[in-house]
Amino acid sequence: IAAMGGGGQPFTLPRALLSQGSGLLYFVARATNGAVDELYRVTLPGGTATRLTTTSGGISGGLVPLGADIYFAATHDTSGAGVIGRELWRWNNAAGQAQLVTDSINIGPASALADNNQIASITAYNGAIYFYATTRADTRELFRTNGTDAGTVSVKSLGSGGFFANFYVSNGLLFFSAKANADDPEQLWFTDGTAAGTKLVEQTLPLLTGTLTVKVL
């Protein structure tokens, strides 16, 4: 990729390639082997690589497009927000800059996106970004955001032992598996983006008949 443009910003170890729009390729890479991961972009065909971010702790992944913007998890405790943990950021394409979406979920040096499963939960659905995060009160909650701090709201909380995974959009709904406690089995849920529209799907698997009954609780 670097050779295509002949003189773009150097990088190594590219990963998480994301094609977006007409002839745009976003990816995570490092300026040198010892550097942290940053967001890069190439305009195809024949464009040069441009580094879009300069963070203190690097980008942890989760590149998800919404409109012309790119959402990702990053650690950047030298930003204008001060010392913060691993949080949700977006590349605002219109403004040409990386912007912190919110630090209000787990304010301060603690991370809202505390583990890789939370990073993997970042999903675009119905014109918004959904993700599960750890709050300052140590609860695990499903959040929805329009890309702003004011527009980031909790959709569902499962308490301090909660766990969400396997986010998948189908038939106009966002499905995911979740459990309220570590010892509980994971169950199938769906949401339409509202608290009232976030419901458990009851699953019954009779051993003798082999049939599957699905009922919305």
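Residues numbered from 1 in each chain as written. Predicted model: local features only at pLDDT ≥ 70, side-chain atom pairs only at ≥ 80, totals over all residues. Heavy atoms only, no water.

## Observations concerning the pairing of strand E6 (residues 69-75)
The buried fraction of E6 amounts to six of the seven residues, a majority that puts the element mostly inside the structure. Joining the antiparallel neighbours strand E5 (residues 58-66) and E6 is a turn of two residues, in which Gly67 adopts a positive phi near 65°. Two elements, E6 and strand E7 (residues 86-92), share six bridges in a ladder whose sense is antiparallel. The residue bridging Ile70 from the neighbouring strand is Trp91, located in E7. (Buried < 20%, exposed > 50% of the residue type's maximum accessible area, 1.4 Å probe, protein only. Helix = DSSP H or I, 4+ residues; strand = E, 2+ residues; numbered from the N terminus. Pairing = 2+ DSSP bridges.)

## Things to note about the sheet that holds strand E11 (residues 140-145)
Strands in a sheet are paired, the pairing made by backbone hydrogen bonds, and the direction either parallel or antiparallel. Strand order in the open sheet formed by four strands is E9-E10-E11-E12, and the pairing between neighbours is antiparallel. Since the sheet does not close on itself, it has two edges, and those belong to strand E9 (123-125) and strand E12 (152-157), each with one partner. Strand-to-strand twist across the sheet, computed as the mean angle between neighbouring axes with direction ignored, equals 35°. Relative to E11, strand E10 (residues 128-134) runs antiparallel, the two being bridged by six bridges. Paired with Thr134 across the bridge in E11 is Arg140. (Axes fitted to C-alpha atoms, helices over the stretch in contact; angles between N-to-C directions.)

## With respect to the packing of aromatic side chains
Per the counting criterion, the structure on display carries 11 aromatic pairs. Arranged with centres 6.3 Å apart and planes meeting at 70°, the rings of Tyr132 and Phe163 form a pair that is edge-to-face. In this pair, Tyr132 is assigned in strand E10 and Phe163 in strand E13 (residues 163-170), connecting sequence segments 31 residues apart. Among the residues examined, Phe163 registers a relative accessible area of 24% and is labelled partly exposed. With centroids separated by 5.5 Å and ring planes inclined at 20°, the aromatic side chains of Phe167 and Phe176 adopt a geometry described as stacked. A residue is classified by how much of its surface remains accessible, and Phe167, at 14% relative accessible area, is buried. (Phe/Tyr/Trp six-rings, centres within 6.5 Å; stacked < 30°, edge-to-face > 60°.)

## Points about the side chain of Arg140
Residue placement: Arg140 occurs in strand E11. Engagement of the side chain of Arg140 in a polar contact is seen with the backbone oxygen of Ser160, the distance being 3.4 Å. Excluding its chain neighbours within four sequence positions, the residues that come into contact with Arg140 are Gln118, Tyr132, Ala133, Thr134, Lys156, Ser157, Leu158, Gly159, Ser160, Gly162 and Phe164. (Polar contact = N/O pair within 3.5 Å; in protein donor to acceptor, adjacent residues only side chain to side chain. Contact = heavy atoms within 4.5 Å.)

## Section: unusual backbone geometry
Here the residue pair Leu44 and Pro45 is connected by a cis peptide bond, since its omega of -5° sits within 30 degrees of zero. You can see Pro45 is positioned in the loop between strand E3 (38-43) and strand E4 (49-51). Non-glycine residue Leu13 carries a positive phi angle of around 55°. Even without a glycine there, the phi angle at Asn126 is positive, about 55°. Among the structural elements, Asn126 can be located in the loop between E9 and E10. Owing to a relative accessible area of 62%, Asn126 belongs among the exposed residues under this scheme.

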